[in-house]
Protein chains: 2
Amino acid sequence: MTVERAVGPMKWYGWGDPERRVRLDEEAIAMLRAEVGEGRPGDRGSLEGVVIPAPRPLPATIAETVGPAAVLTGHEHRVRRATGRGYPDLVRLRAGRLDDAPDAVVLPGNAAEVGRVLEVCARERIGVVPFGGGTSVVGGVQPVRGRFERLITLDLRRLHGTRVDRTSLTATLGPGLRGPEAEEALAAHGVTLGHFPQSFEYATIGGFAAARSAGQASSGHGRFDDLVTAVRLAAPAGELETLDVPHTAAGPALRELVLGSEGTLGIITEVSARVRAVPERRRYAAWMAPDFSSGTAIVRTMAQSDALPDVVRLSDEAETRVALGMSGTGGGKRALLGAYLGLRRRRGGCMLVCGWEGEAEAVERRRALAARILRSGGAAGLGSGPGEAWERSRYDGPYLRDELLDLGYMVETLETAHAWARLKELHDEVRAAIGAALAAQETPGIVTGHVSHAYPDGASLYFTFIAPRRPGADLEQWRTVKEAASDAIVEVGGTITHHHGIGRDHLPYMRAEVGGLGLETLRAVKERLDPAGIMNPGKLLP
Amino acid sequence: MTVERAVGPMKWYGWGDPERRVRLDEEAIAMLRAEVGEGRPGDRGSLEGVVIPAPRPLPATIAETVGPAAVLTGHEHRVRRATGRGYPDLVRLRAGRLDDAPDAVVLPGNAAEVGRVLEVCARERIGVVPFGGGTSVVGGVQPVRGRFERLITLDLRRLHGTRVDRTSLTATLGPGLRGPEAEEALAAHGVTLGHFPQSFEYATIGGFAAARSAGQASSGHGRFDDLVTAVRLAAPAGELETLDVPHTAAGPALRELVLGSEGTLGIITEVSARVRAVPERRRYAAWMAPDFSSGTAIVRTMAQSDALPDVVRLSDEAETRVALGMSGTGGGKRALLGAYLGLRRRRGGCMLVCGWEGEAEAVERRRALAARILRSGGAAGLGSGPGEAWERSRYDGPYLRDELLDLGYMVETLETAHAWARLKELHDEVRAAIGAALAAQETPGIVTGHVSHAYPDGASLYFTFIAPRRPGADLEQWRTVKEAASDAIVEVGGTITHHHGIGRDHLPYMRAEVGGLGLETLRAVKERLDPAGIMNPGKLLP
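Residues numbered from 1 in each chain as written. Chains lettered and ligands numbered in written order. Predicted model: local features only at pLDDT ≥ 70, side-chain atom pairs only at ≥ 80, totals over all residues. Heavy atoms only, no water.

Visitor: Mind showing me how you'd approach the overall build of chain A here?
Guide: From N to C terminus, chain A includes 18 helices and 19 strands. Against the 2.2 N^0.38 benchmark of 24 Å for 542 residues, chain A shows a C-alpha radius of gyration of 23 Å, consistent with a compact globule. When its C-alpha atoms are laid out on the principal axes, chain A stretches across 70 × 55 × 45 Å. Counting all 542 residues of chain A, 63% fall into the buried class. (Helix = DSSP H or I, 4+ residues; strand = E, 2+ residues; numbered from the N terminus. Rg over C-alpha atoms; globule rule 2.2 N^0.38 Å. Buried < 20%, exposed > 50% of the residue type's maximum accessible area, 1.4 Å probe, protein only.)

Right, dumping it as structure tokens:
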């Protein structure tokens, strides 16, 4: 894990460090063109040129609470907090026109200031959108006014405290810490959260908790809601603090109401989470399973016999094929291709990346255990090269998305989870639905899938699709596919989201997820904690 | 695990099978007398003689809903559902006078009937107490009328369905299944829940879920709320069903609101939970740590390095001493004593029982791993004899309690949990508080403690105390100690309950546990699901 720098602002129209590009090589671009046709690049304007509505004036009490320097109203500040980083966000940013932006960006300096700002906003009826890293891919930070005329975004970056309890291996962290900042602070104590989602470089502790983040490939110990031991929430109705004990039977778990609340109940001002010693050894290895069914059987066996690697990612046939042809990391690709061609002559096969972290001896013991299961499941070892290449490029996905958009391709991801008994059906139905929805728009695409989180009772499925854009109709194109995939998920009984959250994009599916009375129950909680309904309007609860 | 018989009714005045006694031997009784003085036995009457108020008439619609044979109003039925099995319950039963009893015991035959009964009760304003095994030790099934003139107990024993998904290793179980019944049904599919609390022989699946049960010594995989993947709740306002997927990020976890709700939100009509293959091998071993601090350091190291046995129980010095002198299982005791005396000449030392279950090879691998940590922590092996003796007697505790009551001794347990950094302080303060509260009443007692659930960030503490009864003032004696212990727990910041639940006894401490706004949030949930407030009046929420 490299934590080499303070995190600067993201590329305004896309993902990540403006100085960094992850290029697709010629071979990959050629493959893409051969498969789905030419891309249809659109124009991209400038940050200054992005059209947003004029800000409405806010009461002076806000600036009095946090200090005038902590209230930002400049065009750039407002544009930068007006979207997350989902595909529709990028389309809108590139098109240079956003429906709305917050009237101001407010940066409270501590939990008490958060509480006072919420009091003012509740009294004055001002909507509040919490903002961490701004990495939501489901519209979670979109400035939706709902019934409010005025709306602020509350940027939590100044809440960045760290306390470590080395005996209990827990850390209490400020919500505004970005992934690398948190890891840097923890590394000084010799510990790590071990939570590395693809958004790691920009996403924050508060966002991890509020949206139930899961590492892109962290079956071992990376799902954030499992790490959290306690939370503090500043709600308009007051402060909610859960007891920081390893477990309690004192009634329903309020912590589990705050986790996943996506800013609709209040602002998470502190998160306590389990940490562990910085791993002594880290090993990656890739394997090739004969097909997706045998691959999932292998992962299931591992999960059900306590033999899961800390990282396990099984690509389906389509993803394996694309990864071999399109990997941006030439070295890894060549290593992988060589091993692959040497081992298997027929088409098909599914790549399985495994990773282990921890004490050297434990890593070796667990590697041997997994190797036995992999072999008896019919998988062939590809050595450590491809696995390490994957690890090096684990944060590249969203950078590649910008490249593909530049080339005129739509690229989007969505995810779900289900019991093992229904996983194959879910995979096939969702893939087919995405494929059909793209073909029906005369933009046939590549649809790939993988398993990245395994549990004893089931696993997540993560889909990526790439197709030529429909310039001028990008959002319609996206919505059509999204609906088709979501309907297929609901039809098979999977969850509408394993780790992206609900935000705006999944709102129509919350009823299928939790039922009518489930929604009513969540609304009752919101009404008690946020009687004026100012918190993150239009998210989570339809 | 022996599941040899259908479970009959419990001893009316105490715990367990009326045909079974777990006797204290002469040596143990002598030791007890020497330490805390003579017991003060009281009289015990008959079931027929227990005085309860006359039942009030109920609307005919209830009998029409479930059938007249499923509405029981006889004296014995009412007495048997009028208490749980906490110490105050036993005192009241033996004294032959209960404050109240349900007007009728209603046994619905399926989830739809549960829903219809709740509708009738909500309309007619009749309180409803859900009843599974009746094993609550915190007053969870006490017939408290609150503002209702009429009250029924809903006995769920007829909801005993079982469905197993062998691929996903999950089972969907009726709430009325007692532990042995559930295990018997699962064994036919070659799987087990692996959940064996001390109440296992009588407690039910619904109760495990509603009260967040934890096995008395099941660090590995036994906490029930961790096993549950989905629940169905029949609430007066309708049905709440959570999606049965391995994980979801679709908002706050409603499942975690139902778990621990103790019947105050509705009736759990179905529980889906993870199961696993019936273990091929089961091994127990006992060790002796130099003292409680080094013992907890050993358990902490295991928990923080993924090396926890499935069962781990560390007795403090006092419990170790008492276990050596008072064990009801002579063979185990002698084996243990021999090993102990051979190994250590000085007083002190803390016994550590470890257990492993699973595939033979995994058991041996994990045993070796644990042995290394035990040895480097300064523990000495006592062999498998004492560990196996402990395993054989794991359900004996409540039988022994009846024997002690017969001899005129009060015996009670209470439990908590905290972070490792505060565990020693919590242990010392609570032990001291109990000891002082007993001494102040001129009934000095034995106070013992153990760790039975370990987590990477902390552990549970379980206390047992024995003292001569204060006949005629038993309840006052009990309450004084309970308050002193609870105040000490709150003072040090531990949870008021790791797995017994809130019920009636812990009501005064809920505010310290979840805070004022936490209580308000739970009340908002209750008001939405149970607008008339009929569900388990007077429990969980003060």
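On we go from here.
Visitor: Honestly, the nonpolar core in this entry has me stumped. Any pointers?
Guide: By size, the foremost hydrophobic cluster in this structure holds 188 residues, and its most contacted members are A:Leu352, A:Ile434, B:Leu352 and B:Ile434. Residue contacts for B:Ile434: discarding those within four places in its chain leaves B:Leu414, B:Val447, B:Phe463, B:Phe465, B:Val481 and B:Ala485. (Core = buried A, V, L, I, M, F, W, Y, C linked by side-chain atoms within 4.5 Å. Contact = heavy atoms within 4.5 Å.)

Visitor: Can you help me understand the environment of A:Arg366 in this one?
Guide: Residue and element names in this part refer to chain A. Along the chain, the position of Arg366 falls in helix α13 (residues 360-376). Along the sequence, Arg366 and Ala235 sit 131 residues apart, while their C-alpha atoms lie 44 Å from each other. With sequence-adjacent residues up to four places away left out, Arg366 is seen in contact with Leu308, Pro309, Asp310, Trp356 and Glu357. At a separation of 3.0 Å, a polar atom in the side chain of Arg366 contacts the side chain of Asp310. (Polar contact = N/O pair within 3.5 Å; in protein donor to acceptor, adjacent residues only side chain to side chain.)

Visitor: Quick question: what am I supposed to make of a negative patch on the surface here?
Guide: All names here are of chain A. There is a patch of like negative charges on the surface, built from Glu429, Glu483, Asp487 and Glu491. Looking at which element gives the most residues to the negative patch, the answer is helix α17 (residues 474-492), with 3 residues. You can see Glu491 is positioned in helix α17. Judged by relative accessible area, Glu491 falls into the exposed class, the value being 69%. (Patch = residues over 30% accessible without salt bridge, like charges linked within 9 Å, V, L, I, M, F, W, Y side chains within 5 Å. Areas by Shrake-Rupley, 256 points an atom, 1.4 Å probe, with all protein chains shown as cover. Salt bridge = Lys/Arg side-chain N within 4 Å of Asp/Glu carboxyl O. Lys, Arg positive; Asp, Glu negative; His and termini not counted. Charge placed at Lys NZ, Arg CZ, Asp CG, Glu CD.)

Visitor: When you look at the pairing of strand β9 (residues 238-241) of chain A in this model, what are you seeing that I'm missing?
Guide: Look at any regular strand and the pattern is simple: side chains alternate between the two faces of the sheet. Where strand β8 (residues 228-235) of chain A meets β9(A), 4 bridges bridge the pair, whose relative direction is antiparallel. Its bridge partner lying in β9(A), A:Leu233 is registered against A:Leu240. (Pairing = 2+ DSSP bridges.)

Visitor: How do you make sense of helix α15 (residues 397-406) of chain B when you look at a structure like this?
Guide: The α-helix advances 3.6 residues per turn, and as a result positions three or four apart in sequence lie on the same side. Residues and elements named next belong to chain B. A large share of α15 lies buried, amounting to 8 of its 10 residues. Of all the residues in α15, the buried ones are Pro398, Tyr399, Leu400, Arg401, Asp402, Glu403, Leu404 and Leu405. Next to the buried residues of α15 lie α1 (26-36), α4 (87-95), β16 (409-419) and β19 (458-468).

Visitor: Explain the sheet that holds β9(A) to me, please; I cannot follow it from the model alone.
Guide: By way of backbone hydrogen bonds, the strands of a sheet pair with one another, either parallel or antiparallel. All names here are of chain A. The 5 strands lie next to each other as β5-β6-β10-β8-β9, forming an open sheet whose pairing is antiparallel. Of all the strands in the sheet, the pair left with one neighbour each is β5 (162-165) and β9. With strand direction ignored, the average angle separating the axes of adjacent strands in the sheet is 10 degrees. For strand β6 (residues 170-173) and strand β10 (residues 267-274), the ladder comprises 4 bridges, and the chain directions are antiparallel. Residue pairing for β10: Ala171 is matched across the bridge by Ala273. The sheet contacts of helix α5 (residues 111-124) involve β8 and β10, and relative to β10 the element is tilted by about 145 degrees. (Axes fitted to C-alpha atoms, helices over the stretch in contact; angles between N-to-C directions.)

Visitor: I tried to follow helix α13 (residues 360-376) of chain B on my own but got confused; where do I start?
Guide: Across its 17 residues, α13(B) extends 25 Å between first and last C-alpha, which sits within 8% of the 24 Å expected from 1.5 Å per residue. Turning to α13(B), its buried residues number three or more, namely B:Ala360, B:Ala362, B:Val363, B:Arg366, B:Leu369, B:Ala370, B:Ala371, B:Ile373 and B:Leu374. The inward-facing, buried residues of α13(B) contact α13 of chain A together with β12 (281-289), α10 (292-304) and β14 (350-358) of chain B. Trailing α13(B) by a residue or two, B:Gly378 shows a phi angle of about 90 degrees, which is positive. (Expected span 1.5 Å × (residues − 1).)

Visitor: What is the right way to look at the packing of α13(A) against α13(B) in this model?
Guide: Packed helix pairs are specified by the crossing angle of their axes together with the interaxial distance, meaning the distance between the axes. Two numbers describe how α13(A) lies on α13(B): the axes approach to 14 Å, and their chain directions differ by 180 degrees. Considering their axes alone, α13(A) and α13(B) lie roughly antiparallel with respect to each other. Judged by residue contacts, A:Glu361, A:Arg365, A:Leu369 and A:Arg372 of α13(A) engage B:Glu361, B:Arg365, B:Leu369 and B:Arg372 from α13(B). Partitioned by chemical class, the residues of the contact of α13(A) with α13(B) number 2 nonpolar, no polar and 6 charged. (Parallel < 35°, antiparallel > 145°, perpendicular 65-115°, else oblique. Nonpolar A, V, L, I, M, F, W, Y, C, P; charged D, E, K, R; others polar.)

Visitor: Looking at this structure, I do not really get the interface of chain B and chain A. What am I missing?
Guide: The extent of an interface is frequently quoted as the accessible surface area lost upon association of the parts. The interface is formed by 78 residues belonging to chain B together with 77 residues belonging to chain A. Summed over both sides, the interface between chain B and chain A buries roughly 5900 Å², with carbon and sulfur atoms accounting for 63% of that surface. On the chain B side of the contact with chain A, B:His247, B:Leu517 and B:Arg528 bury the most area, a combined 13% of that side's loss. The closest approach of N and O atoms between A:Arg372 and B:Glu361, which form a salt bridge, is 2.9 Å. (Buried area = accessible area lost by both parts, 1.4 Å probe.)

Visitor: What should I look at first to understand the relation of the copies chain B and chain A in this one?
Guide: Here the second copy of the chain follows from the first by a rotation about an axis and a shift along it. Rotating chain B by 180 degrees and moving it 0.0 Å along the rotation axis overlays it on chain A with an RMSD of 0.0 Å. Accordingly, the operation relating the two chain copies is best matched by a two-fold axis. Both copies present the same face, since 99% of the interface residues in chain B are matched by interface residues at the equivalent positions in chain A. (Least-squares fit on C-alpha atoms with pLDDT ≥ 70 in both.)

Visitor: Sorry if this is basic, but what is going on with the pattern of salt bridges here?
Guide: For side chains of opposite charge, pairing can occur when their charged atoms come near one another. In the structure shown here, the tally under the stated rule is 78 salt bridges over all chains. Between B:Arg212 and B:Asp225 there is a salt bridge whose closest N-O contact spans 2.8 Å. Linking B:Arg212 in the loop between α7 (205-210) and α8 (224-227) with B:Asp225 in helix α8, this pair joins segments that are 13 residues apart in sequence. Just as B:Arg212 is buried, B:Asp225 falls in that class too. We note a salt bridge from B:Arg223 to B:Asp225, for which the minimum N-O separation is 2.7 Å. Through salt bridges with shared partners, a single ionic network connects A:Arg212, A:Arg223, A:Asp225, A:Asp226, A:Arg255 and A:Glu256.

Visitor: Would you explain the packing of aromatic side chains in this entry?
Guide: Pairs of aromatic rings are described using the distance from one ring centre to the other and the angle between the two planes. Across all of its chains, the model carries 10 aromatic pairs over all chains by this definition. Look at A:Phe208 and A:Phe224: their rings are 5.3 Å apart centre to centre, the planes differ by 50 degrees, and that puts the pair in the tilted class. Residue A:Phe208 is located in helix α7 (residues 205-210), and its partner A:Phe224 is located in helix α8 (residues 224-227); the two are separated by 16 residues in the primary sequence. Arranged with centres 5.0 Å apart and planes meeting at 75 degrees, the rings of B:Phe196 and B:Phe200 form a pair that is edge-to-face. For the pair B:Phe196 and B:Phe200, a shared accessibility class is recorded, and that class is buried. Seen from the ring of B:Tyr399, B:Arg20 lies directly overhead, with NZ or CZ sitting 4.4 Å from the centre. If you follow B:Arg81 out to its NZ or CZ, it ends over the ring of B:Phe131, 5.8 Å from the centre. (Phe/Tyr/Trp six-rings, centres within 6.5 Å; stacked < 30°, edge-to-face > 60°. Lys NZ or Arg CZ within 6 Å of the ring centre and 35° of its normal.)

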